[in-house]
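Breakdown of the fold
Below are the chains, spelled out letter by letter.
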Amino acid sequence: MDDLKRGGIAVIDFGSQYTQLIARRIRELGVYSEVFAHDGAAEHINQHRPAGYILSGGPASVYDRDAPRLPAFLRASDSPVLGICYGMQLLTEAAGGLVASAKTREYGPAIITHQARSPLFDGLATDLRVWMSHGDRIEALPPGYSALAESDNSPYAAIGDLSRNRYGVQFHPEVRHSPQGQAILSNFLFRICACQRKWSAESFIEDAVKKIRAQVQTERVLLALSGGVDSAVVGALMQRAIGEQFTCIFVDHGLLRKGEAEQVLQVFRREQGMNLIAVNAIESFLGALQNVTEPEAKRKIIGKLFVDVFSEEARRLRGIRFLAQGTIYPDIIESAADSKNAKTIKSHHNVGGLPDDLHFELVEPLRDCFKDEVRKIGLALGLPEAIVWRQPFPGPGLAIRCLGGLNWERLEKLRAADAIFTDELAAAGMLRQGTAQSFAVLLPVKSVGVMGDKRSYEEVLVLRAVTTDDFMTADWARLPYDLLARVSARIVNEVAGINRVAYDITSKPPGTIEWE
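This write-up is about the structure you can find in this document. Since the structure is predicted, the reported quantities are computational estimates derived from the model, not experimental observations. (Residues numbered from 1 in each chain as written. Predicted model: local features only at pLDDT ≥ 70, side-chain atom pairs only at ≥ 80, totals over all residues. Heavy atoms only, no water.)

1. Considerations on helix H15 (residues 408-427)
- Taking 1.5 Å of rise per residue, 20 residues should cover 28 Å, and H15 covers 28 Å from first to last C-alpha, within 8% of that figure.
- Three or more residues of H15 are buried, namely Arg410, Leu411, Lys413, Leu414, Arg415, Ala417, Asp418, Ala419, Ile420, Phe421, Glu424 and Leu425.
- Turning to H15, the residues buried within the fold contact helix H10 (282-289), strand E15 (437-451), strand E16 (454-467), helix H16 (481-494) and strand E18 (498-503).
- Two to three positions downstream of the cap, the backbone nitrogen of Glu409 sits 3.1 Å from a side-chain oxygen, assigning the N-cap of H15 to Asn407.
- Phi for Gly429, located one or two positions after H15, is positive at around 70 degrees. (Helix = DSSP H or I, 4+ residues; strand = E, 2+ residues; numbered from the N terminus. Expected span 1.5 Å × (residues − 1). Buried < 20%, exposed > 50% of the residue type's maximum accessible area, 1.4 Å probe, protein only. Contact = heavy atoms within 4.5 Å. Polar contact = N/O pair within 3.5 Å; in protein donor to acceptor, adjacent residues only side chain to side chain.)

Written out as structure tokens, the structure is:
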């Protein structure tokens, strides 16, 4: 793995909401990239000998007393550096230039005009549409720097000290709203940093298999297999690496989507040949959730009961030393593992709270991967697209999409309606391209209707579909009216107990993607 990471790009995080996106864009170009806190130790940041550094944006102003500063080791480094937004202002301030509050702020699309002599913009049109998001700007360049691009409100929309390979851009090349942003990043990687394309799903698999075998050797490994993409890809990796030493436990709690439990058994036990233990715990979960309506109470009950069921099965398997988990790279970043000052966004534990008598050592083969990379790895491992491209699904499952009290009848009603929505989206070619996440929500609300010349009084179903790149923000999907009409007609005609269908047109923020 070290060879795959060596010679990549270190992204220094100064608090931008787009920092993870920078690393993802670089990896899409076949170069390894890792995110580090701005106050991380130099030895940690440089452990894989990066070929260059990218400084992220951030909410601070460089002239503020407590603003994050350029790391000391970068001031003396001869390696190429690209500063984005706040990162460019940091380079300017550190080299003796002047940054001040702009009279006119730039938020949104802008046109920049660049100089042809810069390798950063080599091969690109003179005028480029980019995405700006800043309230400060450079008023005076530091010694050795020159202007490389300008916009109407930024005389220094891009700058560079070409003799030292130091560059800065006021805009955000990492976002899709900068159409040529990926080309700019590519120029930085290959023309300026001389990186090599060696990060791919195939190279990752080969390296990960070696690493798993070296860690596990002849010991046995256990995995809690949910059927979601992360645990599925971990399972396929473990199966390829150690085969008979690997066992997975699938707990069917009755809160999955239509056909998912059967699909898990078909794919992983029969097709993939895994040693899969399936536990039917539906009665236990529904019994514990009876008359529980508050969403956080549902989550706690489900989480605790899952651990209890998994632990009981794990105790029956003697000689297990390792627990495999589907931890992925965003989990590591959000846990703020390498920062002295950063606040933890989330603490991630895939199977947290295991009893003291179960002392497992962790195997986390995907901890360096983003979600889109996990999908590519899954396809390269031969997993079916239905598993690899399965849309995000909450840990508590349908318990938090079936609002109010739970019982088998309501869950089956929701499963059937959700399957109709999914089928119609797939038939319209919008399940993967037109939506990032889509599902149905059953409300504990009844409405009056007329069906077959008779009055009906039945439950209301809400359809939810969103578009997003990162799931931190999301917009409601503009689905065609005729598609929504087909879905609504099918649901009220085919699913007993629902007589009204609504469509959620709330973005995130102010709403969340899930309802509970």
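2. Here we look at the nonpolar core
- Leu222, Phe360, Leu461, Leu463, Leu479 and Ile491 are the most contacted members of the largest nonpolar core, which has 47 residues in total.
- If we ignore the near neighbours within four places in the chain, the residues touching Leu479 are Phe421, Leu425, Met430, Thr435, Ala465, Leu484 and Tyr503.
- Counting residues in hydrophobic clusters, the runner-up holds 44 residues, among them Ile212, Ala232, Met274 and Leu276. (Core = buried A, V, L, I, M, F, W, Y, C linked by side-chain atoms within 4.5 Å.)

3. Quick word on the environment of Asp418
- By secondary structure assignment, the location of Asp418 is in helix H15.
- Assessed through its relative accessible area of 5%, Asp418 is described here as buried.
- In this structure the C-alpha to C-alpha distance between Asp418 and Leu141, which are 277 residues apart in sequence, comes to 57 Å.
- The contact partners of Asp418, leaving out residues within four places of it in the chain, are Arg257, Phe439 and Ala440.

4. What about the state of the cysteines?
- Counted according to the given criterion, the structure contains zero disulfides.
- In this structure Cys193 is not part of a disulfide, and its nearest cysteine sulfur, from Cys195, lies 4.9 Å away.
- Taking relative accessible area as the criterion, Cys193 reaches 9% and is therefore assigned buried.
- The thiol of Cys248 is unpaired, and the distance to the nearest cysteine sulfur, on Cys369, comes to 20 Å.
- Given the relative accessible area of 0%, Cys248 is considered buried. (Disulfide = S-S within 2.5 Å.)

5. Some words on the pattern of salt bridges
- Summed over all chains, the structure comprises 31 salt bridges.
- Here Lys371 makes a salt bridge to Asp230, at a shortest N to O gap of 2.9 Å. Pair noted here: Lys371 is in helix H13 (residues 371-380) and Asp230 is in helix H8 (residues 229-242), with a separation of 141 residues, a long-range link.
- With relative accessibility at 32%, the residue Lys371 sits in the partly exposed group.
- Residue Asp230 is classed as buried on the basis of its relative accessible area, which comes to 17%. (Salt bridge = Lys/Arg side-chain N within 4 Å of Asp/Glu carboxyl O.)

6. A few points about H10
- When we look at burial in H10, the residues that qualify are Ile282, Phe285, Leu286 and Leu289. Buried residues in H10, looked at end-on, bunch into an arc of 95 degrees, giving them a common side.
- On its buried face, H10 is in contact with strand E11 (246-252), strand E12 (275-280), helix H11 (295-316) and H15.
- Asn291 lies just past H10 and shows a positive phi near 70 degrees. (Arc of directions from axis to C-beta.)

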